[in-house]
Amino acid sequence: MGAARYLATVGLCLSACAAGAQAPVANDFDTVVSDYVAEGLRSNLALQSETLEVEKAAQALAEARARFFPELSFEARYTRADGGRVIDIPIGSALNPVYSTLNEMLIAQGQPARFPQISDESIPFLRREEQDTRLLLRQPLYAPAIPAAVRAQRALLDATSFNRMAIARALRRDITVAYVDWLTARSSVEIVAASEALLQENLRVNESLFDNGRITEDLVLRAKAELLDVEQQKREAQNLATQAQSFFNFLLNRQLQSAIEPTSPPTNAAGGEAALEQLWDMALDRRPEIAQVEQLRRASEEQVRIARKQKWPILSLGVDAGTQGEDYRFGQGYNFGTASLIFTWRIFDGGGDTARVHQARATEKQLVLQQEEIAQQIRLEVQQSYDRLTTARDSLATAAARADAARAAFRIASRKRDEGVISQVEFIDARSALTSAELNHNLTRFNVLARRAELEYATSTGDIPLDPGV
């Protein structure tokens, strides 16, 4: 009876799945994982931070484009001055002798004096009070560095967007693998629990036989030791399941102990991937890391152009209009307006522009090398993921056959034990072999799903429900 109970319990979580039957949890694995991935893409903190980086890059591009448009500003200045230079104008010293002579001539003719005496003037260079209020308009007419700066910022925006996509794909892989790890740990707990129930029954039978004098006490102690060992395995399996649950919820930015929806693993483990060479080409064409470095390289090219064009002349239009005077008034004598064409050509800056050109070129060459290095890493990653998935799928049939053989061997051992033709040690060894085979089959089945997720990440396949407009 104990063996039948054990096999029935284990059959619910593994045997039915291995035979292609419908498991108790019939939710579709891929659908549930897709829903969790979509939730993670909405709530994951790292991805939200990268979304803000994209927004920052978009605003930097808007800032670069704004330099094409005129700049209008308002300036107001009110000044109180004391001291400063004074301009002395000796107008009295120059004119008073002439005026005196003319007055004497008029008096001699019997006419009154008409010319006054004038004092010398002292004009301060600074007004005691002065205000200057104006509107300033500056419009670049010819500034070759501005278009290059816009192209550079656009490339940086694209690079940031590709980096966000790379993080999203890594998050999709991590969520899928974390979910598979939780399913693996959950199923392992069920298998060990079934083994614990069997050993409890075995201990009860041995204690009864010992009480009746049919076996010695060492067999009871051996059964008790096996039960304690399985209880320890169960606690460890439960701890792994709790850790897997916490990590999965962490990726989704949820409460660590939030419930997770269980599913049955898909029964079709056959591979439908292309050849390795095609997977390489697919990965190099799709991986966002390659596109990100390419955009960074384009931005470096534009930085070279910006550094070169800093040496070119700049032509701009300047218009100023406002009011000036010792008090705030508008009208004749106060209002003013100027329009200017401003030509600027920096002839010498100590070699700063040349240094910036060389710096931008070095960055561009560095990114070319980095692009090739990333391509090699991606090829290696694809090959390793492909080999691991192939190995996992090949091992699945072996693990299933091992589990079937262990179940058949345990059924035979159980019948022999009931008939008294097998020792307790052989029976426990058959039970241990069955539990080990079931755990191995469980791990191998879910390992195929994890390796499949890693290959999808390496080749950048699979849907990413990510809003491109953010």
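Each remark here, short or long, concerns the structure printed above.
Rules behind the numbers
Residues numbered from 1 in each chain as written. Predicted model: local features only at pLDDT ≥ 70, side-chain atom pairs only at ≥ 80, totals over all residues. Heavy atoms only, no water. Core = buried A, V, L, I, M, F, W, Y, C linked by side-chain atoms within 4.5 Å. Buried < 20%, exposed > 50% of the residue type's maximum accessible area, 1.4 Å probe, protein only. Helix = DSSP H or I, 4+ residues; strand = E, 2+ residues; numbered from the N terminus. Contact = heavy atoms within 4.5 Å. 1 Å grid on protein atoms, 1.4 Å probe; cavity = no way out; pocket = protein on both sides within 12 Å on 5 of 7 lines; lining within 4 Å. Points joined across faces, edges and corners; volume = space filled by probe spheres on them. Nonpolar A, V, L, I, M, F, W, Y, C, P; charged D, E, K, R; others polar.

Novice: Looking at this model, I keep getting lost on the nonpolar core. Mind explaining?
Specialist: The tendency in soluble globular proteins is for nonpolar side chains to be buried side by side. Judged by nonpolar contacts, the single largest core of 27 residues is most densely connected at Phe29, Tyr36, Leu41, Ile175, Tyr179 and Phe248. Listing elements by their share of this core, those giving two or more residues are helix 2 (29–43), helix 5 (145–211), helix 6 (217–251) and helix 10 (424–459). The greatest single-element share of this core, amounting to 9 residues, is contributed by helix 5. Leave out the neighbours within four places in its chain, and phenylalanine 248 touches Tyr36, Ile175, Ala178, Tyr179, Arg254 and Ile260. In terms of nonpolar packing, the next biggest core, distinct from the first, is built from 16 residues, Leu367, Ile374, Leu389 and Ala458 among them.

Novice: Before we go on, may I ask you to explain unusual backbone geometry in this structure?
Specialist: Most peptide bonds adopt trans geometry, and most residues besides glycine take a negative phi value. Look at asparagine 253: it is not a glycine, yet its phi comes out positive at around 60 degrees. Inspection of the secondary structure puts asparagine 253 in the loop between helix 6 and helix 7 (276–286). You can call asparagine 253 partly exposed: its relative accessible area is 39%. Of note in the backbone geometry, serine 460 takes a positive phi value of approximately 60 degrees without being a glycine. The residue serine 460 is located in the segment after helix 10 in this model.

Novice: It is not clear to me how empty space enclosed by the protein should be interpreted in this structure. Could you clarify?
Specialist: The probe, sized like a water molecule, is rolled over the atoms to show the empty space still left. Across all of its chains, the model carries 1 cavity of 30 Å³ or more by this definition. There is about 30 Å³ of room inside the largest cavity. If you trace the largest cavity, you find it lined by Arg169, Arg172, Arg173, Ala453, Glu456, Tyr457 and Thr461. Among the elements of the structure, helix 5 and helix 10 are those that each provide at least two residues to the lining of the largest cavity. In terms of residue class, the lining of the largest cavity is made up of 2 nonpolar, 1 polar and 4 charged.

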